[in-house]
Amino acid sequence: MRLENEVFVVTGAKGGMGRETVKRFLEEGAYVAAVDLNIDGMEKSDRLLPIAANLTSEADVARIFQEVKRVFGRVDGLVNIAGIAQAATQIEEVSLADWEKLMSVNATSLFLTCREAVPYMKQQGEGVIVNIASISMVRPRPGLNAYIASKGAAVSFSQALAIELADYGIRVNVVNPGPADTNMLGQFTSKNADVEATKENIFKKSVPLGRLINPIDIANSLVYLCSKEASIVTGSVLNVDGGRGI
Ligand SMILES: NC(=O)c1ccc[n+]([C@@H]2O[C@H](COP(=O)([O-])OP(=O)(O)OC[C@H]3O[C@@H](n4cnc5c(N)ncnc54)[C@H](O)[C@@H]3O)[C@@H](O)[C@H]2O)c1
């Protein structure tokens, strides 16, 4: 097993990519603290610790790591999957509140979780962090202005931490998913658009390999980046996008 007895905090654990990631990490022998706004229906076990938390709250994020330390005794990895979409909106129509919410959930939450995780990892002399951004920050789509800015921040922040934390044996990487077959995809369409037609005619056709990305594609890339197989990989951005970024 590739993550045997290692302890991971996985955010966005109830979402499309998050659910699949929690499942794959458990299959690879990890202990997982599964964090989301709502954890209804997630069964606690000796390996799975569901935690309800709002990642934009400093107090909630501190509580997550205290609980993980209390239950599992250590923190080997942090996988930030949680995020929100932006419905395609022209810049003049974007409110400050919408901008701030996107930045807060998609970027500030990474600062808060990494700030809590790093002291444990420094103490242990190793650790791994993977943040999910988006291929849209490489190839933007019209109207996703605030979302793309938040994902650009996620990549720059991750690379800043990769260089800052290399001396401590802590690796920090990014996965850029392409258009993925989850609930979120339909939320990127503009108001009144036909969601299914947009998925088929725009998103799927934008992927050179000819299909949407599946949550398992992302989960497998996260297993790799978190495993010892990637022990020399840090500061990298792995596009799991079917070629969308080319
Ligand atoms: N689906 C796509 O096409 C796509 C493409 C590129 C990147 N991404 C990124 O991949 C990640 C996962 O996306 P997904 O498709 O699985 O989406 P999803 O909507 O299925 O899951 C996102 C999860 O994040 C949780 N979340 C949102 N705000 C939170 C908060 N404040 N605190 C705690 N949890 C919160 C939600 O409750 C949800 O369960 C996101 O960061 C997204 O931006 C998605």
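Predicted model, so just to flag it, every value in this text is computed and none were measured.

Cut-offs used in this document
- Residues numbered from 1 in each chain as written.
- Predicted model: local features only at pLDDT ≥ 70, side-chain atom pairs only at ≥ 80, totals over all residues.
- Heavy atoms only, no water.
- Near = heavy atom within 4 Å.
- Polar contact = N/O pair within 3.5 Å; in protein donor to acceptor, adjacent residues only side chain to side chain.
- Areas by Shrake-Rupley, 256 points an atom, 1.4 Å probe, with all protein chains shown as cover.
- Helix = DSSP H or I, 4+ residues; strand = E, 2+ residues; numbered from the N terminus.
- Axes fitted to C-alpha atoms, helices over the stretch in contact; angles between N-to-C directions.
- Parallel < 35°, antiparallel > 145°, perpendicular 65-115°, else oblique.
- Left-handed = near helix turned anticlockwise from the far one by under 90°.
- Contact = heavy atoms within 4.5 Å.
- Nonpolar A, V, L, I, M, F, W, Y, C, P; charged D, E, K, R; others polar.
- 1 Å grid on protein atoms, 1.4 Å probe; cavity = no way out; pocket = protein on both sides within 12 Å on 5 of 7 lines; lining within 4 Å.
- Points joined across faces, edges and corners; volume = space filled by probe spheres on them.
- Salt bridge = Lys/Arg side-chain N within 4 Å of Asp/Glu carboxyl O.
- Buried < 20%, exposed > 50% of the residue type's maximum accessible area, 1.4 Å probe, protein only.
- Pairing = 2+ DSSP bridges.
- Phe/Tyr/Trp six-rings, centres within 6.5 Å; stacked < 30°, edge-to-face > 60°.
- Lys NZ or Arg CZ within 6 Å of the ring centre and 35° of its normal.

**Student:** Is there a simple way to explain the site of the ligand in this structure?
**Tutor:** Taken together, 27 residues sit near the ligand, with G16, D36, Y147, A180 and T182 positioned nearest. A distance of 2.9 Å separates an oxygen atom of the ligand from a polar atom in the backbone of M17. Contact distances for the ligand include 2.8 Å between an oxygen atom and a backbone N or O atom of A180. Here the ligand, which alone exposes 830 Å², has 91% of that area covered by the protein.

**Student:** Which parts of the structure should I look at to understand unusual backbone geometry?
**Tutor:** Excluding glycine, residues mostly have negative phi values, and the peptide bonds linking residues are mostly trans. Even without being a glycine, N5 presents a positive backbone phi close to 60°. One can find N5 in the segment before β1 (7–11). In the Ramachandran plot, N192 falls in the positive-phi region, its phi being about 70° despite a non-glycine side chain.

**Student:** Looking at this model, I keep getting lost on the packing of helix α2 (residues 58–72) against helix α3 (residues 96–124). Mind explaining?
**Tutor:** Helix packing for two helices is described by the angle between their axes and how far apart those axes are. Put simply, α2 and α3 touch, their axes get as near as 9 Å, and they point 30° apart. As far as their axial angle goes, α3 and α2 are roughly parallel. At the point where α2 passes α3, the crossing takes the right-handed sense. Residues E58, V61, A62, F65, Q66 and K69 of α2 form the contact with α3, whose participating residues are L112, T113, R115, E116, A117 and Y120. A breakdown of the residues in the contact of α2 with α3 according to their chemical character gives 6 nonpolar, 2 polar and 4 charged.

**Student:** Which parts of the structure should I look at to understand the layout of surface pockets?
**Tutor:** Rolling a probe over the atoms, with the probe sized like a water molecule, indicates the empty space that remains. Roughly 910 Å³ of internal volume is contained in the largest pocket. Along the wall of the largest pocket there are 41 residues; nearest its centre are I81, A82, G83, I84 and M184. Among the elements of the structure, α1 (16–27), β2 (31–36), α3, α4 (145–165) and α5 (183–186) are those that each provide at least two residues to the lining of the largest pocket. Split by residue class, the lining of the largest pocket holds 21 nonpolar, 13 polar and 7 charged. In this structure, the second largest pocket occupies an estimated 280 Å³ of space.

**Student:** Looking at this structure, I do not really get the pattern of salt bridges. What am I missing?
**Tutor:** For side chains bearing opposite charge, pairing can occur when the charged atoms are close. This model, assessed by the stated rule, comprises 12 salt bridges. As a salt-bridge pair, E28 and R24 come within 2.9 Å of each other at their nearest N and O atoms. Residue class for E28 comes out buried when judged on its relative accessible area of 10%. In this structure, R63 engages D60 in a salt bridge whose closest nitrogen and oxygen atoms are separated by 3.5 Å. One end of the pair, R63, and the other, D60, are both in helix α2, 3 residues apart, so they sit about a helical turn from each other. Shared partners join several salt bridges into a network, and the residues in it are E20, K23, R24, E27 and E28.

**Student:** What is the right way to read the sheet that holds strand β6 (residues 170–177) from this model?
**Tutor:** Strand pairing in a sheet is mediated by backbone hydrogen bonds. Such pairs are either parallel or antiparallel. The 7 strands are arranged β3-β2-β1-β4-β5-β6-β7 in an open sheet whose pairing can be described as parallel. Bordering the open sheet on either side are β3 (48–52) and β7 (237–240), each of which pairs with just one other strand. Between one strand axis and the next, the sheet turns by 15° as a mean value, whatever way the strands run. One ladder, built from 4 bridges, connects β1 with strand β4 (residues 77–80); its direction is parallel. Paired with T11 across the strands is N80, a residue of β4. Sitting on the sheet, α1 is in contact with β1, β2, β3, β4 and β6, with an inclination near 170° to β2. In the packing of α4 onto the sheet, contacts are made with β5 (127–132), β6 and β7, and the angle to β6 comes to roughly 160°.

**Student:** Just checking my understanding: could you explain the packing of aromatic side chains for this structure?
**Tutor:** Aromatic rings in a pair are described by how distant their centres are and how their planes are angled relative to each other. By the definition in use, this model includes 4 aromatic pairs. Taking the centre distance of 5.3 Å and the plane angle of 50° together, the rings of Y31 and F72 count as tilted. On the criterion of sequence distance, the pair formed by Y31 in strand β2 and F72 in helix α2 is long-range, its members being 41 residues apart. Residue class for F72 comes out buried when judged on its relative accessible area of 16%. Here the aromatic rings of F65 and Y120 are separated by 6.5 Å at their centres, their planes lie at 20°, and the arrangement is stacked. Of this pair, F65 sits in helix α2 while Y120 is found in helix α3, placing the two residues 55 residues apart along the sequence. Classification of F65 as buried rests on a relative accessible area of 0%. Judged by its relative accessible area of 16%, Y120 is buried. K122 extends its terminal NZ or CZ atom over the ring of Y168, reaching a point 4.2 Å from the ring centre.

Geometric descriptors of this kind do not, in isolation, establish any biological role.
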